[in-house]
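Structural characterization, general
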Amino acid sequence: MHVCFVTGTRADYGLLQPVIEATHRDPFFRTSIVASCMHLSPEFGMTVQEIEADGYTVDARVDMLLSGDSRIAVAKSMGIGVLGFADAFDRLKPDLIVLLGDRFEALAAAETALICGIPVAHVSGGDVTYGAFDDSIRHAITKMAHLHFVASEDAAARVRQLGEADDSVFAYGDPGLDRMMTMQRMGRDELAENLGIVFRKHMLLFTFHPVTVDAMPSRDQLDVVLGALDDLGDDYGIVITMPNADPEGRELANRLRDYTSSRENVACFASLGSKRYISLMAESDAVVGNSSSGLLEAPSFGKPTVNIGERQAGRLRAASVIDCPVDRTAIATAIRGAVGRDFKGVDNPYGDGHTAEKIIAELKRIDDPRRLLKKIFVDRGR
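So, on to the overall build of the chain. Helix and strand counts for the chain come out as 14 helices and 13 strands. Rg of the C-alpha trace for the chain: 20 Å, near the compact-globule value of 21 Å for 382 residues, within the 12% margin. Dimensions of the chain, computed from C-alpha atoms along their principal axes, come out at roughly 60 × 40 × 40 Å. Taken across its 382 residues, the chain has 60% of its residues classed as buried. Counting contacts in the chain only where the partners sit at least 6 residues apart, residues at least 24 apart contribute 70% of the total. Carbon and sulfur atoms make up 49% of the accessible area of the chain, which totals about 15,300 Å².

Right, let's get into the sheet that holds strand β11 (residues 286-289). What the 6 strands build is an open sheet, ordered β10-β9-β8-β11-β12-β13; its pairing is parallel. Two strands close off the open sheet at either side, each with one partner strand: β10 (266-269) and β13 (321-324). Averaged over all neighbouring strand pairs, the angle between strand axes comes to 20 degrees, with direction disregarded. Sheet analysis places strand β8 (residues 202-207) next to β11, joined by 4 bridges and oriented parallel. When the sheet's bridge partners are listed, T207 is paired in β11 with G289.

Right, let's get into the environment of F377. Along the chain, the position of F377 falls in the segment after α14 (355-364). Each C-alpha atom, one on F377 and one on Q221, is 41 Å from the other, the two residues being 156 residues apart in sequence. In this view, F377 contacts K143, L162 and G163; residues no more than four positions away in its chain are not counted.

So, on to the pairing of strand β4 (residues 96-100). Of all 5 residues in β4, 5 are buried, a share of seventy percent or more. Burial along β4 is two-sided: the face carrying L96, V98 and L100 and the face carrying I97 and L99 are both buried. Two elements, β4 and strand β5 (residues 120-123), share 4 bridges in a ladder whose sense is parallel. Note on β5: the bridge partner recorded for L99 is H122. In terms of handedness, the path from β4 via helix α4 (residues 104-116) over to β5 forms a crossover that is right-handed.

Pairing is parallel in the open sheet, where 7 strands are placed in the order β3-β2-β1-β4-β5-β6-β7. The sheet is open, and its two edges are formed by β3 (60-62) and β7 (169-171), each paired on a single side. With direction set aside, neighbouring strand axes in the sheet form an average angle of 20 degrees. Pairing analysis gives 3 bridges linking strand β1 (residues 2-7) to β4, with the strands arranged parallel. Looking across to β4, one finds that V3 is bridged to L96. Of the strands in this sheet, β1, β2 (30-36), β4 and β5 are in contact with helix α1 (residues 10-25), which crosses β1 at around 165 degrees.

Viewed as axis vectors pointing N to C, helix α9 (residues 218-232) and helix α10 (residues 249-261) meet at an angle of 20 degrees, and their least axial separation amounts to 10 Å. What the angle tells us is that α9 and α10 run roughly parallel. Like other packed secondary-structure pairs, α9 and α10 cross with a definite hand, here right-handed. Side by side, α9 and α10 meet where S218, R219, L222, D223, L226, L229 and D230 of the first sit next to E251, L252, R255, L256 and Y259 of the second. By residue class, the composition of the contact of α9 with α10 is 6 nonpolar, 1 polar and 5 charged.

On to the environment of T112, then. For T112, the location among the structural elements is in helix α4. The sequence separation of T112 and F89 amounts to 23 residues, and the corresponding C-alpha distance is 8.4 Å. The contact partners of T112, leaving out residues within four places of it in the chain, are V82, F85, A86 and F89.

A word on the pattern of salt bridges. Applying the stated criterion to the full structure yields 28 salt bridges. Bridged by salt links that share partners, the residues D102, D127, D135, R138 and R315 form one connected network.

Further remarks concern α4. With 13 residues, α4 should reach 18 Å at 1.5 Å per residue; the first-to-last C-alpha distance of 18 Å fits that figure. Among the residues making up α4, those that are buried are F104, E105, A106, L107, A108, A109, A110, T112 and A113. G117 sits one or two residues past α4 and shows a positive phi near 75 degrees.

The topology assignment puts T23 in helix α1. In this structure the side chain of T23 is engaged in a polar contact, spanning 3.1 Å, whose partner is the side chain of T31.

Before going further, it helps to examine the packing of aromatic side chains. Taken as a whole and judged by the stated rule, the model has 5 aromatic pairs. A centroid spacing of 5.8 Å and a plane angle of 25 degrees characterise the contact between F85 and F89, whose relative ring orientation is stacked. Here F89 and F85 lie together in helix α3 (residues 71-92), a separation of 4 residues that amounts to about one turn. Side by side, F85 and F89 carry an identical accessibility label, which is buried.

What counts and what doesn't
- Residues numbered from 1 in each chain as written.
- Predicted model: local features only at pLDDT ≥ 70, side-chain atom pairs only at ≥ 80, totals over all residues.
- Heavy atoms only, no water.
- Helix = DSSP H or I, 4+ residues; strand = E, 2+ residues; numbered from the N terminus.
- Rg over C-alpha atoms; globule rule 2.2 N^0.38 Å.
- Buried < 20%, exposed > 50% of the residue type's maximum accessible area, 1.4 Å probe, protein only.
- Contact = heavy atoms within 4.5 Å.
- Areas by Shrake-Rupley, 256 points an atom, 1.4 Å probe, with all protein chains shown as cover.
- Pairing = 2+ DSSP bridges.
- Axes fitted to C-alpha atoms, helices over the stretch in contact; angles between N-to-C directions.
- Right-handed = clockwise from strand over helix to strand, strands pointing away.
- Parallel < 35°, antiparallel > 145°, perpendicular 65-115°, else oblique.
- Left-handed = near helix turned anticlockwise from the far one by under 90°.
- Nonpolar A, V, L, I, M, F, W, Y, C, P; charged D, E, K, R; others polar.
- Salt bridge = Lys/Arg side-chain N within 4 Å of Asp/Glu carboxyl O.
- Expected span 1.5 Å × (residues − 1).
- Polar contact = N/O pair within 3.5 Å; in protein donor to acceptor, adjacent residues only side chain to side chain.
- Phe/Tyr/Trp six-rings, centres within 6.5 Å; stacked < 30°, edge-to-face > 60°.

If you want it as structure tokens, here you go:
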């Protein structure tokens with residue numbers, strides 16, 4: 001079976017990589033990779049190089065990201081993506097497309113696959129995140145996909161509620177946890193030398209993405225959050241990873257660069273790469289911001305997460321996740337309260353680190369992927 005993986009960001013690649021590796025090793029599969037969007041942008045760290053550094057060949061590149069971060073620019077980027085994915089899929093001729101999550105480039109790939117008659121396996125559908133338009137994108141991809149590998153039984157129930165057949169939905173967990181369990185991590189000394197940072201008394205790993213469905217602009221929210229970080233004092237070292245290429249993303253990135261340039265206790269990176277990011281998470285005292293990694297990955301390390309605002313509203317969360325409103329005093333108080341708390345042994349609702357092998361087993365049961373294309377809406381409301 002020729003399986004084509006589509007990836008657009010450092011984040012979805014890190015989550016998909018265990019599945020890519022499993023197909024790569026199995027002679028049953030022929031594997032190809034299409035890299036797009038942020039992967040191909042120097043501004044966002046040119047993370048396509050991370051894919052190649054892992055030993056994989058990037059079989060097609062869909063350069064779709066316009067330089068603006070307005071909503072119009074993002075919508076136009078989607079259109080460019082459809083053109084590029086059409087050419088890539090026509091040349092590669094895969095039997096099955098595998099994509100993850102809820103970003104606009106994944107939507108463009110799913111739309112293209114639908115029209116081209118290529119079945120789609122969707123990873124991490126069924127979640128809810130009320131604070132971003134990703135929520136609607138995720139559900140839209142569900143209706144264009146034919147296999148659904150979801151992270152939880154709650155997510156599986158939502159996918160079925162959207163009319164998907166029981167035998168197409170598999171609650172196997174989040175594959176990103178697989179890599180975390182097996183990765184040989186970097187220690188503090190190696191991280192300090194590699195990143196050029198100094199570990200202070202307390203270390204925070206910080207990411208703040210645009211909040212695309214909220215009355216309060218993302219830039220105003222970020223200003224509140226940065227004020228709270230200042231209130232913590234110099235005992236706190238802060239490592240920032242840049243936001244996604246969503247509306248307001250570049251504006252937030254510029255604000256973060258300015259913030260970093262005038263503070264010795266803060267370091268900012270376009271992309272840390274999976275190994276450095278996971279290693280730093282394991283060595284930090286808390287994960288702060290509004291990234292899904294604070295909910296999906298940090299609990300497996302027993303690390304507290306201070307989850308700010310509404311971007312992840314609705315997602316499952318472990319007991320180690322501390323939700324906090326966009327309020328300067330509340331944020332600083334939550335961070336101080338989180339640091340020093342030990343959540344080792346907390347249950348992570350996103351799985352046990354054995355997801356990829358379960359996904360591969362299901363893919364190998366498919367005798368002819370084309371038979372997946374005819375979907376019947378399962379009306380459970382009557």
